[in-house]
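# Descriptive analysis of the structure
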Amino acid sequence: MEKLPGDEAAGAPRGDRGDLDGRGGRGGLVGPIPVAEMDIDAWHAVLAAAHRQDRPSTPAPERAAEEGRLRVPSPNSRTVAFALPAPGDGGDFAGVALLRLFDTKENAGNAFLDTLTVHPAHRGRAVGRALWVEVCAVLAAEGRTSVSSAVQRGGLGEKFAVAQGAECALPLVAYVQEVPEARVGVEGKSLAAPDGYRFVVWSGVVPDAHAVAHARAHDAMQDAPTGDLDEQHDPWDAERVRAVARVVLERGGVMLTVAAVAEADGTVAGYTELVLPTPRSVRALQYDTVVIPGHRGRGLGRAVKLRMLEYLRGQCPGVREIMTTVADDNRPMRSVNAALGYRPEGGVGVYQVRF
């Protein structure tokens with residue numbers, strides 16, 4: 001099984017998050033800021049500049065996707081935005097942060113820091129530290145006992161996280177599959193579901209006929225590797241499955257699902273999901289890939305991912321690559337991805353601070 005860390009309706013890990021050595025003052029910190037009042041252009045400019053500096057070989061963050069992420073919160077959570085204005089009167093930001101506060105009873109004490117990014121021109125001036133102080137104030141006021149965040153291992157973000165007392169609770173590796181070079185089928189044979197199963201595909205919200213079975217399959221994610229994270233498994237039901245898809249759509253994205261349904265009883269035995277932050281995205285994000293207990297060892301994981309490649313090409317021909325993260329100790333999924341031509345892009349760690 002594989003899954004993006006943190007927000008079930010978010011984007012990929014945000015890359016290196018600021019280089020902060022504790023020098024300088026706080027300036028005019030702005031935050032928490034109602035997301036409806038956030039200057040999207042100034043926000044996106046920070047992320048785009050950091051991306052050019054830290055990860056120039058990967059697709060750049062899209063403005064429309066960032067606006068959707070700010071404007072539309074994930075299900076069962078609230079988002080809090082922060083920004084530190086850059087010196088001068090230009091209206092630019094020196095750094096930004098986005099915090100997700102879980103609202104379910106299972107995770108009422110936890111939170112996820114989706115973004116803490118400093119513009120390269122303002123690094124080394126305690127911008128990140130100032131944002132972190134404000135984030136911690138909100139966490140304390142909300143009674144949160146832990147916060148986690150996904151950062152690139154070996155980068156500036158990891159150094160900053162460790163300096164704030166964070167520990168790597170879940171080591172992951174990011175993998176990328178080049179879609180035009182993906183190996184679909186063998187020697188020209190057409191794709192077919194394994195014996196005893198049929199494929200069902202959809203874009204957007206799950207069809208009512210499969211909603212309950214699909215929710216049960218989501219619950220199989222509770223045995224996915226979680227390392228030492230405090231975040232607990234939130235039970236899935238049909239409405240939560242629908243809500244996650246609606247959030248992706250309301251943010252302006254695309255969500256594709258391929259399920260392997262057991263012919264005998266209609267069980268969703270396995271599925272895989274891809275999300276495009278916008279219809280023009282060239283990189284799709286792998287959400288869950290799951291095979292439920294009792295149906296494992298039959299090639300369903302590989303089968304649904306192969307069928308997804310075919311479906312993706314028909315629905316979104318502009319996509320050039322798929323990014324996923326897999327836990328270091330998830331050998332079955334790593335083997336499936338290797339057979340499908342995924343290549344490692346870099347290490348990712350879900351770092352956690354306990355209060």
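Values in this document were obtained by computation on a predicted structure and should not be read as measured data. (Residues numbered from 1 in each chain as written. Predicted model: local features only at pLDDT ≥ 70, side-chain atom pairs only at ≥ 80, totals over all residues. Heavy atoms only, no water.)

### A closer look at the side chain of Thr 278
Mapping Thr 278 onto the fold places it in the loop between β9 (268-276) and β10 (283-291). The exposure class assigned to Thr 278 is buried, which follows from its relative accessible area of 2%. Side chain to side chain, Thr 278 and Glu 62 meet in a polar contact 2.7 Å long. In this structure, Thr 278 is in contact with Glu 62, Ala 64, Ala 65, Gly 252 and Gly 253, ignoring residues within four places of it in sequence. (Helix = DSSP H or I, 4+ residues; strand = E, 2+ residues; numbered from the N terminus. Buried < 20%, exposed > 50% of the residue type's maximum accessible area, 1.4 Å probe, protein only. Polar contact = N/O pair within 3.5 Å; in protein donor to acceptor, adjacent residues only side chain to side chain. Contact = heavy atoms within 4.5 Å.)

### Here's the deal with helix α6 (residues 238-250)
Every α-helix carries 3.6 residues per turn, so stepping three or four residues along brings you back to the same face. Taking 1.5 Å per residue, 13 residues should reach 18 Å; α6 reaches 18 Å between its end C-alpha atoms and fits that length. The set of residues buried in α6 consists of Ala 238, Arg 240, Val 241, Arg 242, Ala 243, Val 244, Ala 245, Val 247 and Val 248. The inward-facing, buried residues of α6 abut α5 (208-218), β8 (254-262) and β9. In the segment just after α6, Gly 252 is the residue with positive phi, at about 95°. (Expected span 1.5 Å × (residues − 1).)

### Some words on the pattern of salt bridges
For side chains of opposite charge, pairing can occur when their charged atoms come near one another. Enumeration over the complete set of coordinates arrives at 19 salt bridges. Asp 54 is paired through a salt bridge with Arg 123; the nearest N and O atoms lie 2.8 Å apart. With Asp 54 in helix α1 (residues 40-54) and Arg 123 in the loop between β4 (110-118) and α3 (127-141), this pair connects stretches of sequence that are 69 residues apart. Ionic pairing is found between Arg 78 and Glu 142, a salt bridge with its closest N-O pair at 2.9 Å. Of the two residues, Arg 78 is situated in strand β2 (residues 77-85) and Glu 142 in the loop between α3 and β5 (146-152); the sequence distance between them amounts to 64 residues. (Salt bridge = Lys/Arg side-chain N within 4 Å of Asp/Glu carboxyl O.)

### Re the confidence of the model for the protein
When pLDDT is averaged along the protein, the result is 90, and 88% of the positions lie at 70 or above. Every residue in residues 10-27 is under pLDDT 50, and counting partners more than four places away or in other chains gives 71 contacts. (pLDDT = per-residue confidence, 0-100.)

### Observations concerning unusual backbone geometry
Residue Asn 76 is not a glycine yet carries a positive backbone phi of 55°. With respect to the secondary-structure elements, Asn 76 resides in the loop between α2 (63-71) and β2. Under the relative-accessibility criterion, Asn 76 is labelled partly exposed at 43%. Located in the positive-phi region is Ala 126, a residue other than glycine, with phi close to 70°. Among the structural elements, Ala 126 can be located in the loop between β4 and α3.

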